[in-house]
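Chains, contacts and geometry: an overview
Listed here are the chains, written in short residue letters.
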Amino acid sequence: MNKNSIIFSITITFAIALVLILISFIILYLASQNRENHFMHQINNDATREFFREYMHGGLTKELEKNLQALNFSIIRDKAKQNEILNDKNTKYKDIKHNEIKKYTKARRVVVNLELNGIYYIYIKTRRASYVLVNNNERKNHQTTIVFVFLSIFIVFTFLYITTLKKLKPLRTLKDKVQNFADEEFDISCASDKKDEISLLANEFDKSAKRLKKLQESRNMFIRNIMHELKTPITKGKFLIELPQNEENNIKMQKVFYRLESLINEFASIEELISIKKVLKTKEYFLADIVDNATDILMCDEENVIQNFENIRVNVDFKLFSIAIKNIIDNGVKYSLDNKVTIKTDGSKIIFENIGEKLLHPLQEYYEPFFTTSNVKSNQSFGLGLYIVFNILQAHNYTLIYENSNNTNRFILLPK
């Protein structure tokens, strides 16, 4: 395990805490045991003094037994039972060693404190007879409580340690995944269903990795399509160069360069959209100014765009929104039966209408770059128009809605 890692530090911290707790409980356990032994020993001394005080005046009288009962002591007179207690191998002698009991029993007067199976006894030998006093006082067994508390704390600490390691597991996974990020290995998964900060960080990293992977796939697909789109006019241009120079071939060559220029302009629009997507410079503009700028960029005739709208204000990025309007107008003119597009407004809605066939596919499919259909006019399209429109509108929190009725197509720009 890495000594500089967080997991190592947490493990050491938990280990030290448990050792300190264990030492504390051992000290507490021994202190409690000593206090209990001292207490029981004190009671035995009181009973011993009471026994000899009364015994000296009249022997083992009923008054003595009554006084001992008041102290919760009883008397064993039977010799066999006394010997059974004295000679039991589990008997603990508090004042003398086990092998010295015979020597003490020969003396005229003997007082020995005993313990057997958790019960305290007092062995007393006088000139007249020998007795065993049984201490019937209930022991306050605090040691059991102390052990129970320690085990509970140990279990809680162990649970907290395991829980902490589980919470740190996404961090360890995250560290391993980050190391692969420099090599553009975005195919990772480190998501978690937990709600703590580390899990949330792992989830955000997982989302970022998936977004980067998608962006990488889109970029690779985009580059492949760019190469494909550029290859066709370049191949035609190289072929036309080999042909004799005449007016017909010159016109074809001009079309090749026009197509290349159109492709470059579309790619420039996409690059600008991607670069400005982070910071959108929005202000309030009149719709008429945006439409005029879009038609100027498109270089279409005024009769192709019928402006039948209220000059409302829109809070947009002027340059980008003009590109979106330009592409909608371009598609409307290109695919209409009369080469005209009508622009209307309905409140905050901006509506583009043209007379033409209904779209062959759902609108969402046209948002994919280089998506084209089998329509005859689509061979003049690169399939980037609605892809650019969708991304610009999305950046402005606008929704594009498509409707068709009575051979009339409507593209509606609706702010969210």
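Residue indices follow the written sequence of each chain, beginning from 1 at its first position. Per-residue local features are limited, in this predicted model, to residues with pLDDT of at least 70; the limit for side-chain atom pairs, both in listing and counting, is 80 or more; totals at the level of whole chains, interfaces and linings are taken over all residues. Processing note: side-chain calculations cover all non-hydrogen atoms of the structure and skip hydrogens and water entirely.

Strand order in the open sheet made by the five strands is E1-E5-E4-E3-E2, with antiparallel pairing throughout. Looking at the sheet topology across the chains shown, the edges are occupied by strand E1 (73-76) and strand E2 (92-93). Two strands are counted as paired when DSSP detects at least two bridges linking them. Numbering of helices and strands runs from the N terminus; a helix is a DSSP stretch of H or I covering at least four residues, while a strand is a stretch of E covering at least two. The pairing of strand E4 (residues 119-125) with strand E5 (residues 130-135) spans six bridges and is classified as antiparallel. Among the inter-strand pairings, Tyr 123 is bridged to a residue of E5, identified as Val 132.

Okay, helix H3 (residues 79-87) next. Exposure classes here rest on a 1.4 Å probe applied to the protein chains alone. A residue is buried below 20% of its type maximum, exposed above 50%, and partly exposed in between. When we look at burial in H3, the residues that qualify are Gln 82, Ile 85 and Leu 86. All buried residues of H3 fall inside an arc of 95° around its axis, so they share one side. Turned more than 90 degrees off the buried face of H3, the exposed positions are Ala 80, Glu 84 and Asn 87. Those residues of H3 that are buried are in contact with E1, E2, strand E3 (110-116), E4 and E5. Capping of H3 at its N-terminal end is provided by Asp 78; its side-chain oxygen lies 3.3 Å from the backbone amide nitrogen of Ala 80. Summarising the geometry, the arc corresponds to the directions from the helix axis toward the C-beta atoms. Contacts were defined at the residue level, with two residues in contact if any of their heavy atoms lie within 4.5 Å. In protein, a polar contact requires one atom able to donate a hydrogen and another able to accept it; more generally it is a pair of N or O atoms within 3.5 Å, and residues adjacent in sequence count only if both atoms are side-chain atoms.

Another aspect to go through is a nonpolar patch on the surface. Within this analysis, patches are made of residues with over 30% relative accessible area and no salt bridge. Like charges are joined at 9 Å or less; nonpolar side chains (Val, Leu, Ile, Met, Phe, Trp, Tyr) at 5 Å or less. For the accessible areas, the method is Shrake-Rupley and the probe is 1.4 Å, while residue cover comes only from the protein chains on display. Salt bridges are counted wherever a side-chain nitrogen of Lys or Arg sits within 4 Å of a carboxyl oxygen of Asp or Glu. There is a patch of nonpolar side chains on the surface, built from Ile 12, Ile 16, Val 19, Leu 20, Ile 23 and Ile 27 and spanning about 540 Å² of accessible area. Mapping Val 19 onto the fold places it in helix H1 (residues 6-58). The exposure class of Val 19 is partly exposed, given its relative accessible area of 46%.

Here we come to the pairing of strand E9 (residues 341-346). Where strand E7 (residues 305-308) and E9 come together, four bridges link them in parallel fashion. If you follow Asn 308 over to E9, its bridge partner there is Lys 344. Here E9 pairs with strand E10 (residues 349-355) via five bridges, running antiparallel. Looking at E10, one finds that Thr 345 is bridged to Ile 350. Where E9 folds back on E10, the antiparallel hairpin that results is connected by two residues, among which Gly 347 adopts a positive phi of roughly 70°.

Turning next to the packing of aromatic side chains. Pairing of aromatic side chains requires ring centres within 6.5 Å, counting the rings of Phe and Tyr and the six-membered ring of Trp. Pairs whose planes differ by under 30 degrees are stacked, by over 60 edge-to-face, and all others tilted. Evaluated as defined, the whole model comprises eleven aromatic pairs. Here Phe 51 and Tyr 55 contribute two aromatic rings whose centre-to-centre distance is 5.0 Å and whose plane-to-plane angle is 15°, an arrangement assigned as stacked. Of this pair, Phe 51 and Tyr 55 both sit in helix H1, four residues apart, which is roughly one turn of that helix. Accessibility classification places Phe 51 together with Tyr 55 in one group, the buried group.

Further remarks concern the packing of helix H8 (residues 287-298) against helix H9 (residues 318-334). Running from N to C, H8 and H9 point in directions that differ by 65°, and their axes come no closer than 8 Å. Judged by the twist between their axes, the crossing of H8 over H9 is right-handed. Listed contacts from H9 to Asp 289, Ile 290, Val 291, Asn 293, Ala 294, Thr 295, Ile 297 and Leu 298 of H8 are Phe 318, Phe 321, Ser 322, Ile 325, Lys 326, Ile 329 and Asp 330. The classification used treats Ala, Val, Leu, Ile, Met, Phe, Trp, Tyr, Cys and Pro as nonpolar, Asp, Glu, Lys and Arg as charged, and all other residues, Gly among them, as polar. Here the contact of H8 with H9 is built from residues that sort into nine nonpolar, three polar and three charged. Interaxial angles span 0 to 180 degrees and are taken between N-to-C directions of axes, which are lines fitted to C-alpha atoms, for helices over the stretch in contact. Crossing handedness is defined as follows: a turn of the near helix away from the far one that is anticlockwise and smaller than a right angle gives a left-handed crossing, while the clockwise case is right-handed.

Turning next to the packing of H1 against helix H2 (residues 62-70). Interhelical geometry of H1 versus H2 gives an angle of 165° and a closest axis separation of 10 Å. As judged from the angle between their axes, H1 and H2 are roughly antiparallel. Seen along the crossing, H1 lies across H2 with a hand that is right-handed. Here Ala 47, Glu 50, Phe 51, Glu 54 and Tyr 55 of H1 come into contact with H2, specifically with Glu 63, Leu 64, Asn 67 and Leu 68. Tallied by class, the residues present in the contact of H1 with H2 amount to five nonpolar, one polar and three charged. The scheme is simple: roughly parallel for angles under 35 degrees, roughly antiparallel for over 145, roughly perpendicular for 65 to 115, oblique for anything else.

Our focus in this paragraph is the environment of Ser 199. Tracing the sequence through the fold places Ser 199 in helix H6 (residues 197-241). The sequence separation of Ser 199 and Leu 171 amounts to 28 residues, and the corresponding C-alpha distance is 7.8 Å.

This paragraph deals with a negative patch on the surface. A contiguous patch of negative charge, built from Asp 289, Asp 292, Asp 296, Asp 301, Glu 302 and Glu 303, is present on the exposed surface. When you line up the elements, Asp 289 lands in helix H8. Of the residues examined, Asp 289 reaches a relative accessible area of 41% and is grouped as partly exposed. Positive charge is attributed to Lys and Arg, negative charge to Asp and Glu, and no charge count is given to His or to the chain ends. We put the charge of a Lys on NZ, of an Arg on CZ, of an Asp on CG and of a Glu on CD.

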